[in-house]
Amino acid sequence: APWEFHKALNEGIASIPDKNAKNFAMLKLFTGIRNTDIMRIEILPENEADRVPTKNYYDPSVKKVRIFNKGGGMTDLDLGQIANTVMQEQAEDAMAAKPPRTNLFPLEGVTELELENSGKALANSYGTEINKHVNSSLDTHGISIWDKEKLKTKKFTLGALRKNLFDVIEESLGKDVAAEML
């Protein structure tokens, strides 16, 4: 039943002890933004001269995030209340960090080059934690995910969640809209 799956997903995310991993899961769920793009989101600098055109920025004043999609185009995403609240919380934590950081998610000791080369690995560390808790919750509720192509059950992953979002948008609004949004 869809409501049972939703309940198990919600409980799994709520059980994640690491605040950053939990917020990462919420952003993924409510925006569909790629994992590596979430890792690259920075607080929009107040001074326009400090802004870099190719960076992913969160602008709390307009409740939007600017993401550069895979094709190199820029997409300004309007955030709903939940996603904006999560981003605002991450921004406040970033500004309160010692020393303050620009990235919404901690990247202690990671250089820009390392982020470029291993952003996926950094995002996957959150994904591993999220997947573990959501799969545990699904197991507790006796819910499995059926892979129609392979004709067997499979484990929950954040990547599959994003793919499902793409499929729903594609079916409703078309492939071009889905590609632009995600």
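Residues numbered from 1 in each chain as written. Predicted model: local features only at pLDDT ≥ 70, side-chain atom pairs only at ≥ 80, totals over all residues. Heavy atoms only, no water.

Chemist: I'd like a rundown of helix H4 (residues 81–96), residues and numbers included.
Modeler: A turn of α-helix holds 3.6 residues, and therefore any two residues three or four places apart point the same way. The end-to-end C-alpha distance of H4 is 22 Å, a good match for the 22 Å that 16 residues give at a rise of 1.5 Å each. Of all the residues in H4, the buried ones are Ala83, Asn84, Val86, Met87, Gln90, Ala91 and Ala94. The arc that holds every buried residue of H4, seen down its axis, measures 160°, which confines them to one face. Turned more than 90 degrees from where H4 packs its buried face, Gln81 and Ala96 sit exposed. Buried residues belonging to H4 abut helix H2 (19–31), strand E1 (41–43), strand E2 (56–59) and strand E3 (64–68). (Helix = DSSP H or I, 4+ residues; strand = E, 2+ residues; numbered from the N terminus. Expected span 1.5 Å × (residues − 1). Buried < 20%, exposed > 50% of the residue type's maximum accessible area, 1.4 Å probe, protein only. Arc of directions from axis to C-beta. Contact = heavy atoms within 4.5 Å.)

Chemist: So what's going on with the confidence of the model for the protein? Residues and values would help.
Modeler: Mean pLDDT over the protein stands at 82; residues scoring 70 or higher make up 77%. Considering each helix and strand of the protein separately, the mean pLDDT is smallest for helix H7 (residues 175–181), with a value of 61, and largest for H4, with 93. (pLDDT = per-residue confidence, 0-100.)

Chemist: Break down the nonpolar core for me, citing the residues and quoting the values.
Modeler: If you look at the biggest cluster of nonpolar residues, it comprises 34 residues, and the most contacted ones within it are Met87 and Ile130. Those elements that place two or more of their residues in this core are helix H1 (2–14), H2, helix H3 (35–39), E1, E3, H4, helix H5 (112–140) and helix H6 (158–173). A total of 5 residues in this core trace back to one element, the largest contributor, which is H4. (Core = buried A, V, L, I, M, F, W, Y, C linked by side-chain atoms within 4.5 Å.)

Chemist: Describe in detail the pattern of salt bridges, supporting the description with residues and values.
Modeler: Applying the stated criterion across every chain yields a total of 7 salt bridges. Asp78 is the salt-bridge partner of Lys64, the closest N and O atoms lying 3.5 Å from each other. Pair noted here: Lys64 is in strand E3 and Asp78 is in strand E4 (residues 74–78), with a separation of 14 residues, a long-range link. (Salt bridge = Lys/Arg side-chain N within 4 Å of Asp/Glu carboxyl O.)

Chemist: I'd like a rundown of the environment of Lys28, residues and numbers included.
Modeler: Among the secondary structure elements, Lys28 is positioned in helix H2. The class for Lys28 is buried, based on a relative accessible area of 2%. For the pair Lys28 and Leu158, spaced 130 residues apart in sequence, the C-alpha separation works out to 7.6 Å.

Chemist: So, the environment of Ile13: which residues are in play, and what are the values?
Modeler: By secondary structure assignment, the location of Ile13 is in helix H1. Excluding its chain neighbours within four sequence positions, the residues that come into contact with Ile13 are Lys22, Ala25, Met26, Leu29 and Val134.

Chemist: Describe the sheet that holds E1, with residues and values.
Modeler: Two pairing modes exist for strands in a sheet, parallel and antiparallel, and in both the strands are linked by backbone hydrogen bonds. A sheet is described by the order of its strands in space; here 4 strands give the open sequence E1-E2-E3-E4, paired in mixed fashion. Two strands lie at the open edges of the sheet, namely E1 and E4, each paired on one side alone. Sheet twist, expressed as the average angle between the axes of neighbouring strands with direction ignored, equals 25°. Pairing analysis gives 3 bridges linking E2 to E3, with the strands arranged antiparallel. (Pairing = 2+ DSSP bridges. Axes fitted to C-alpha atoms, helices over the stretch in contact; angles between N-to-C directions.)

Chemist: Residues and numbers for the packing of aromatic side chains, please.
Modeler: Counted by the stated rule, this structure contains 3 aromatic pairs. Both rings, one in Phe24 and one in Phe105, keep their centres 5.6 Å apart while their planes meet at 75°; by these two values the pair is edge-to-face. Of this pair, Phe24 sits in helix H2 while Phe105 sits in the loop between H4 and H5, and the two are 81 residues apart along the sequence. Of the two residues, Phe24 and Phe105, both sit in the buried class. Ring centres 5.7 Å apart and planes at 65° place the aromatic pair Phe105 and Tyr126 in the edge-to-face group. One end of the pair, Phe105, is in the loop between H4 and H5; the other, Tyr126, is in helix H5, with 21 residues separating them in the sequence. One exposure class covers both Phe105 and Tyr126, and it is buried. Every member of this aromatic cluster is reached through a ring pair, and the members are Phe24, Phe105 and Tyr126. (Phe/Tyr/Trp six-rings, centres within 6.5 Å; stacked < 30°, edge-to-face > 60°.)

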